[in-house]
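Residue-level structural notes
Each chain, letter by letter, is given below.
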Amino acid sequence: MDDILSKIAICVQTGKIDKVSPYPPDMKGQDGADELTKQALEGGKRPDEILEQALIPAMEVVGERFTRKEIYVPQMLMAAKAMNSAMKHLKPFFQSGETKRKGKFIIGTVSGDLHDIGKNLVSMMIEGGGWEVIDLGVDVGTEKFLKSVEENPGAVVGLSALLTTTMENMKKTVSSLKEKYSGLKILVGGAPVTQEYCDKIGADFYSPDPQGAVNYLKQLVV
Ligand code: B1M
């Protein structure tokens, strides 16, 4: 991997947010994910290169280490903070879509689930694809989704779930939304979600990544 990309990946893996961050102690005073991402962009790296070759693989490493019990929740949280400090520099690039909005997209991480990095990425890319995004945040219960659909007729809904336990809540939300709004289009995603699960719970579309979500919305308006 390119030197600066591997440095960014190391910062995310170790939870090194920025230069002033005292964590981890052995990297004190060094540039963090924040400064290095800015430098990478200034040096001509493309935002999608930084995302796909440094940030996402780094988070995968974090997840594997967590599974092997080599790190725990606090370290995972620091890694997420480092990733967010890098993403703030990428955001303007992903959001610079057309100004005329193609429609509204309501998105949220389902009830009981606090993971938002993937959801935020999907939001950014969809916004960049020309949609107005209504981001309901994390731990979003069915009532909140229902209220937002009521307030935004014609909107498409996206649900994200990162835990096998909260996938069950995704199912409940899809079922309530479809019961009240049968024509509503619902898109689902998140690491444990599959096409099979999407079909099983009666959602309209599954995408494993943000680009698939953007493409799905694109074909809805043509
Ligand atoms: Co958590 N966590 N976590 N965690 N965490 C996972 C998901 C886990 C796989 C780690 C592991 O064990 N290896 C595991 C889940 C196991 C399972 O259920 N199968 C896990 C666990 C167990 C937990 C806790 C229960 C830990 C504990 O407390 N004991 C706890 C749960 C808290 C809760 O939600 N109630 C917890 C907490 C946390 C933190 C808060 C510390 C932090 C989240 C911080 C945050 O999001 N702000 C965290 C993190 C960082 C992770 C890992 C390491 C990284 C997740 C991530 O951001 N990935 C994760 C392991 C892993 O995924 N490798 C893990 C990067 C992101 C870009 O990918 O979110 O998959 P992802 O999104 C992708 C696609 O899935 C897709 O597009 C994105 C870009 O490609 N996508 C969509 C996502 N949503 C979409 C929606 C769409 C379409 C595509 O349409 C609507």
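Details of the structure are given in the entry above.
So, how was this worked out
Residues numbered from 1 in each chain as written. Predicted model: local features only at pLDDT ≥ 70, side-chain atom pairs only at ≥ 80, totals over all residues. Heavy atoms only, no water. Donors = N, O, S within 2.8 Å, 3.2 Å for Na, K, Ca; no water. Helix = DSSP H or I, 4+ residues; strand = E, 2+ residues; numbered from the N terminus. 1 Å grid on protein atoms, 1.4 Å probe; cavity = no way out; pocket = protein on both sides within 12 Å on 5 of 7 lines; lining within 4 Å. Points joined across faces, edges and corners; volume = space filled by probe spheres on them. Nonpolar A, V, L, I, M, F, W, Y, C, P; charged D, E, K, R; others polar. Core = buried A, V, L, I, M, F, W, Y, C linked by side-chain atoms within 4.5 Å. Buried < 20%, exposed > 50% of the residue type's maximum accessible area, 1.4 Å probe, protein only. Contact = heavy atoms within 4.5 Å. Salt bridge = Lys/Arg side-chain N within 4 Å of Asp/Glu carboxyl O. Near = heavy atom within 4 Å. Polar contact = N/O pair within 3.5 Å; in protein donor to acceptor, adjacent residues only side chain to side chain. Sits in = over half its atoms within 2 Å of the grid points. Pairing = 2+ DSSP bridges. Right-handed = clockwise from strand over helix to strand, strands pointing away.

Regarding the coordination of the cobalt atom of the ligand
- For the cobalt atom of the ligand, the protein supplies a single donor, His-115 (NE2), at a distance of 2.2 Å.
- Checked against the element boundaries, His-115 lands in the loop between β1 (104-109) and α5 (117-128).

A short note on empty space enclosed by the protein
- What the rule picks out here adds up to 1 cavity of 30 Å³ or more.
- Looking at the largest cavity, the residues that line it are Lys-102, Ile-126, Gly-129, Trp-131, Val-214, Leu-217 and Lys-218.
- Ranked by residues supplied to the lining of the largest cavity, first place goes to helix α9 (residues 210-221) with 3 residues.
- Looking at the lining of the largest cavity, its residues break down into 4 nonpolar, 1 polar and 2 charged.

Observations regarding the nonpolar core
- Ile-8, Ile-50, Leu-55, Phe-105 and Ile-126 are the most contacted members of the largest nonpolar core, which totals 40 residues.
- Those elements that place two or more of their residues in this core are α1 (3-14), α2 (33-42), α3 (47-67), α4 (73-95), β1, α5 and α9.
- For this core, the element with the most residues is α4, which contributes 7 residues.
- Setting aside residues no more than four positions away along its own chain, Leu-55 makes contact with Ile-8, Val-12, Ile-50, Met-83, Ala-86, Met-87 and Leu-90.

Focus: the pattern of salt bridges
- Counted under the stated rule, the structure contains 11 salt bridges.
- A salt bridge links Lys-7 to Asp-3; the nearest nitrogen and oxygen atoms lie 3.7 Å apart. Of this pair, Lys-7 and Asp-3 both sit in helix α1, 4 residues apart, roughly one helical turn.
- Residue classification places Lys-7 among the partly exposed residues on the basis of a relative accessible area of 41%.
- The salt bridge partner of Lys-38 is Glu-42, with a shortest N-O separation of 3.3 Å.

Observations regarding the site of the ligand
- Every one of the 34 residues lining the ligand counts as a neighbour, but Thr-67, Leu-114, His-115, Asp-116 and Ser-160 are closest to it.
- Met-59 places a polar main-chain atom, nitrogen or oxygen, 3.5 Å from a nitrogen atom of the ligand.
- Between a nitrogen atom of the ligand and a main-chain N or O atom of Gly-112, the distance comes to 2.9 Å.
- If you map the ligand onto the pockets, it falls in the largest pocket.
- Mapped by element, the contributors of at least two residues to the shell around the ligand are α3, α4, α5, β3 (156-160) and β4 (186-189).
- A per-element tally of the shell around the ligand places α3 first, with 6 residues.
- By residue class, the composition of the shell around the ligand is 19 nonpolar, 11 polar and 4 charged.

A word on the side chain of Thr-166
- By the element assignment, Thr-166 lies in the loop between β3 and α7 (167-180).
- Exposure remark for Thr-166: the relative accessible area of 4% places this residue in the buried category.
- Beyond its immediate sequence surroundings of up to four residues, Thr-166 is in contact with Val-110, Ser-111, Gly-112, Asp-113 and Ala-161.

What about the pairing of β1?
- Of all 6 residues in β1, 5 are buried, a share of seventy percent or more.
- Sheet topology note: the β1/strand β2 (residues 132-135) ladder contains 4 bridges and is parallel. The partner of Ile-106 across the bridge, within β2, is Ile-134.
- Handedness of the β1-α5-β2 crossover: right-handed.

What about unusual backbone geometry?
- A cis amide bond links Tyr-23 with the next residue in sequence, Pro-24, at an omega value of -10 degrees.
- Residue placement: Pro-24 occurs in the loop between α1 and α2.
- The phi angle at Asp-139 is positive, at roughly 55 degrees, despite the residue not being glycine.
- In this fold, Asp-139 is placed in the loop between β2 and α6 (142-151).

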